[in-house]
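Overview (structure and organization)
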Amino acid sequence: MIAVSDAPGINYRVPRVSGLRPGTVHRCGDVTAFTADEAGFLVKQHGLATVLDLRSDPEVERYGPPSGFLAHDVGWLRVPLTGYPRDTIDARRPGVTDRTRYLHGILTDSVPGSWPRLFRALAEVTDRPFLVTCHFGKDRTGVVVAALLTLAGAPAHEIAADYAAGATDLLAKADRFQDKWLRRGHTREDYLSRLRTSPVTMERWLAEVGTGHGGIETALTGLGVASADVARVRSLLADPAPASSRSGHPADGNDVQGSPR
């Protein structure tokens, strides 16, 4: 186990929450930041088989493919989540309300068909460990991972803690994204504010999805996701053993593991 700021890549971690089969879901930002050695170590250690890339075409054109993982024959599935309104987070220092509305936009206002395509892909790859990624590994990745953890039966406070856990690494490696804040005309402090994550944001979003849509599963099927895909993903994510039977593996932590230094 190593410190978050020493982990490979950007915002990489392995969520460990109640109900989730250990080692199934991995998450990160800027998947291009992994070297071939770092990617190879993770593939060997965790059996990572697929990168599920939520980035848009312009992001891939600007920053490139996940070359480190491709060097080890890891599958690269592009399922962009795009088209949602961004005005809710364009403020220099958005608050919890802005951030929560932004997460709602990713779920409900992405290009029609995005979520059905995503779950068709998930239904094919969830039988082996996979990596969910976007540019920061925070919002698009956060919404997708929160949906998956919810389907696995994780409680909201653990999902919120996982969402918030990324801030430490993002803040430590913020200078990698200097081009972003310069193009926006923001200061470094503005951007540090934008990179921070709070469990309150995720808790509020999950609660509002519950009251406004009847929960994650109902929201997904309402967007056109096939019930069969939801059922298959849930069955593949579910932990076959209770947490109490795995000595030394608490249900409320996040593994952050990287290559030897």
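These numbers were taken from a predicted model, which means no experiment stands behind them.

Attention now moves to the environment of valine 43. Mapping valine 43 onto the fold places it in helix α1 (residues 36-46). Owing to a relative accessible area of 19%, valine 43 belongs among the buried residues under this scheme. Measuring from C-alpha to C-alpha, the distance between valine 43 and phenylalanine 130 comes to 9.9 Å, with 87 residues separating the pair along the chain. Once residues within four sequence positions are removed from consideration, valine 43 is found in contact with Leu48, Phe69, His72 and Val74.

Another point: the packing of helix α6 (residues 140-152) against helix α13 (residues 227-237). Running from N to C, α6 and α13 point in directions that differ by 75°, and their axes come no closer than 8 Å. Here α6 is positioned roughly perpendicular relative to α13, judged by the angle of their axes. In this structure, α6 contributes Leu148, Leu151 and Ala152 to the contact, and α13 contributes Val230, Val233, Arg234 and Leu237. In terms of residue class, the contact of α6 with α13 is built from six nonpolar, no polar and one charged.

Here we take up α6. In an α-helix, one turn spans 3.6 residues; hence positions three or four apart end up facing the same way. For α6, with 13 residues, the first-to-last C-alpha span of 19 Å sits near the 18 Å given by 1.5 Å per residue. For α6, the tally of buried residues reaches twelve of 13 residues, placing the bulk of the element in the interior. Every buried residue belonging to α6 is among Arg140, Thr141, Gly142, Val143, Val144, Val145, Ala146, Ala147, Leu148, Leu149, Leu151 and Ala152, and all of these are buried. Where α6 terminates, the next one or two residues include glycine 153, which has phi positive at roughly 100°.

Take the pattern of salt bridges next. Per the counting criterion, the structure on display carries eleven salt bridges. A salt bridge links glutamate 59 to arginine 140, with the shortest nitrogen-to-oxygen separation between them at 2.8 Å. Placement of the pair is glutamate 59 in helix α2 (residues 57-63) and arginine 140 in helix α6, with a sequence separation of 81 residues. According to the relative accessible area criterion, glutamate 59 is buried, its value standing at 12%. Owing to a relative accessible area of 7%, arginine 140 belongs among the buried residues under this scheme. For the salt bridge of lysine 138 with aspartate 139, the shortest nitrogen-to-oxygen distance reads 2.8 Å.

Now for helix α10 (residues 188-195). Burial runs high along α10: six of the eight residues are buried. Residues Asp190, Tyr191, Leu192, Ser193, Arg194 and Leu195 constitute the buried set of α10. Among the structural elements, α4 (96-108), α8 (167-172) and α9 (178-184) are those in contact with the buried residues of α10.

For the structure shown, the criterion picks out four aromatic pairs. On the numbers, 5.0 Å between centres and 65° between planes, the contact of phenylalanine 34 with phenylalanine 69 is edge-to-face. Highlighted residues: phenylalanine 34 in the loop between β2 (25-29) and α1 and phenylalanine 69 in helix α3 (residues 67-70), separated in sequence by 35 residues. By relative accessible area, phenylalanine 34 is classed as buried at 4%. Seen from their ring centres, tyrosine 84 and tyrosine 102 are 5.5 Å apart, and the 75° between their planes marks the pair as edge-to-face.

What counts as what
Residues numbered from 1 in each chain as written. Predicted model: local features only at pLDDT ≥ 70, side-chain atom pairs only at ≥ 80, totals over all residues. Heavy atoms only, no water. Helix = DSSP H or I, 4+ residues; strand = E, 2+ residues; numbered from the N terminus. Buried < 20%, exposed > 50% of the residue type's maximum accessible area, 1.4 Å probe, protein only. Contact = heavy atoms within 4.5 Å. Axes fitted to C-alpha atoms, helices over the stretch in contact; angles between N-to-C directions. Parallel < 35°, antiparallel > 145°, perpendicular 65-115°, else oblique. Nonpolar A, V, L, I, M, F, W, Y, C, P; charged D, E, K, R; others polar. Expected span 1.5 Å × (residues − 1). Salt bridge = Lys/Arg side-chain N within 4 Å of Asp/Glu carboxyl O. Phe/Tyr/Trp six-rings, centres within 6.5 Å; stacked < 30°, edge-to-face > 60°.

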